[in-house]
Amino acid sequence: NETFPVCAKLSAGSVDCDVSIALDTQLGSATAGVDFTGPDPPLLTFTPGQSVGDIQCANITVVDDSIPQPERSIVVTLGNNRTVGGIESISSVRVNTSIPSLSFDIETDINDLLQVKLSQLIYKAVEGANDVIICVVIDQGFASSNTTLQVNTTVSVTSTATPDSDFLPTLQVLTFTAGQSTDDTACASVTIVEDVLVEAVETFEVTLLPTAADLFKILIISGQDKGIV
């Protein structure tokens, strides 16, 4: 018999009292009790003090028999048996279907997130004179730990600048350090390419993206603007 773990991760919120959620194995082609046993325990319980990124695991054991059979699957999902402090509460424990793993949110106040935005609507630069400095500002919140996001510069169907000819596309990681708060900034630099051509005003796209590590610590409230060369 082979045993393997199945884990659920807290993707948003924090735990103030015991939070339990059931594991469901009813969707696969394998038969519970015949092809496998578990999950053990059937309920995953998060305890006070646990927060985003913490996990709880249960074990599923594959039953080894001597009967030749086709391959069967075990599909594990988060079930509807969800309790907070021993009281059933489906609405407070929300299964996060946007993440390709067993993951759930405990509903949290938006004010618990670090809310950030681009510091300007338009960033301007002149060829040969300066690069574009793109700053992100904390609109609301407090960085309880180092928190990262990405600045991406690229073009869209409406852009007129040419990558590598007018500017150097970049994907830079910015970090707000622990202790930074409202109005503090983190900045990236985009290189503007100088050439001898006489050109009209050209534009490229500036986009803020979350990092996987801090996906549930940060809220981007204004994350797409333009650079002008």
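Details of the structure are given in the entry above.
Residues numbered from 1 in each chain as written. Predicted model: local features only at pLDDT ≥ 70, side-chain atom pairs only at ≥ 80, totals over all residues. Heavy atoms only, no water.

Asks: Any details on the state of the cysteines? Residues and values, ideally.
Replies: This structure, assessed with the given rule, holds two disulfides. A disulfide bridge connects C135 with C187, and the sulfur atoms are separated by 1.9 Å. Residues C135 and C187 are joined by a disulfide whose S-S torsion is about 100 degrees; by sign, that bridge is right-handed. One end of the pair, C135, is in strand β12 (residues 132-140); the other, C187, is in strand β15 (residues 185-190), and 52 residues separate them in sequence. When its relative accessible area of 15% is taken as the criterion, C135 is described as buried. Here the disulfide map of the chain reads 1-2, 3-4, the bonded cysteines being numbered as they appear in the sequence. (Disulfide = S-S within 2.5 Å. Helix = DSSP H or I, 4+ residues; strand = E, 2+ residues; numbered from the N terminus. Buried < 20%, exposed > 50% of the residue type's maximum accessible area, 1.4 Å probe, protein only.)

Asks: Before we move on, could you go through the pattern of salt bridges and cite the residues and values that matter?
Replies: Summed over all chains, the structure comprises one salt bridge. Residue D139 is joined to K117 by a salt bridge in which the shortest nitrogen-to-oxygen separation is 3.2 Å. Here K117 lies in strand β10 (residues 114-118) and D139 lies in strand β12, a separation of 22 residues in the sequence. By relative accessible area, D139 is classed as partly exposed at 30%. (Salt bridge = Lys/Arg side-chain N within 4 Å of Asp/Glu carboxyl O.)

Asks: So what about unusual backbone geometry? Which residues, and what values?
Replies: Here G38 and P39 are connected by a cis peptide whose omega angle stands at 5 degrees. Cis rather than trans, the peptide bond between D40 and P41 has omega equal to 0 degrees. Within the fold, P41 resides in the loop between β3 (36-40) and β4 (43-46). Residue D164 is not a glycine yet carries a positive backbone phi of 75 degrees. Structurally, D164 can be placed in the loop between β13 (147-154) and β14 (170-176).

Asks: Quick rundown of the nonpolar core? Include the residues and the values.
Replies: Counting residues in hydrophobic clusters, the biggest one holds 23 residues, and the most contacted among them are V116, I134, V136, L149, V151, F176 and F204. With four residues, β12 is the largest single contributor of residues to this core. For V151, the contacting residues outside a window of four places in its chain are I134, V136, T170, L171, Q172, L174, A188, V206, T207 and L208. (Core = buried A, V, L, I, M, F, W, Y, C linked by side-chain atoms within 4.5 Å. Contact = heavy atoms within 4.5 Å.)

Asks: Talk me through the environment of D195; I want residue IDs and the actual numbers.
Replies: Position of D195 relative to the elements: it lies in the loop between β15 and β16 (203-210). As for D195 and D166, which are separated by 29 residues in sequence, their C-alpha atoms are 7.9 Å apart.

Asks: Mind laying out the side chain of Q150, listing which residues take part and the relevant values?
Replies: Following the sequence through the fold, Q150 ends up in strand β13. Judged by relative accessible area, Q150 falls into the buried class, the value being 17%. Separated by 3.1 Å, the side chain of Q150 and the backbone oxygen of P210 make a polar contact. Excluding residues within four positions of it along the chain, Q150 makes contact with L171, Q172, V173, T207, L208, L209, P210 and T211. (Polar contact = N/O pair within 3.5 Å; in protein donor to acceptor, adjacent residues only side chain to side chain.)

Asks: Let's hear about the sheet that holds strand β17 (residues 218-222): which residues, and what values?
Replies: Spatial strand order, β15-β12-β10-β17: four strands in an open sheet with mixed pairing. Either end of the sheet is taken by a strand with one partner, and the two such strands are β15 and β17. Between one strand axis and the next, the sheet turns through 30 degrees on average, direction left out of account. (Pairing = 2+ DSSP bridges. Axes fitted to C-alpha atoms, helices over the stretch in contact; angles between N-to-C directions.)

Asks: Run through the side chain of Q180, naming residues and quoting values.
Replies: Turning to its location among the elements, Q180 is positioned in the loop between β14 and β15. A distance of 2.8 Å separates a polar atom in the side chain of Q180 from the backbone nitrogen of T177.

Asks: Explain the environment of A58 to me, and be specific about the residues and the numbers.
Replies: As for its position among the elements, A58 is in strand β5 (residues 55-62). Among the residues examined, A58 registers a relative accessible area of 1% and is labelled buried. The sequence separation of A58 and L43 amounts to 15 residues, and the corresponding C-alpha distance is 8.1 Å. Excluding residues that lie within four positions of it along the chain, A58 makes contacts with F4, P5, V6, L23, P39, D40, P41 and L44.

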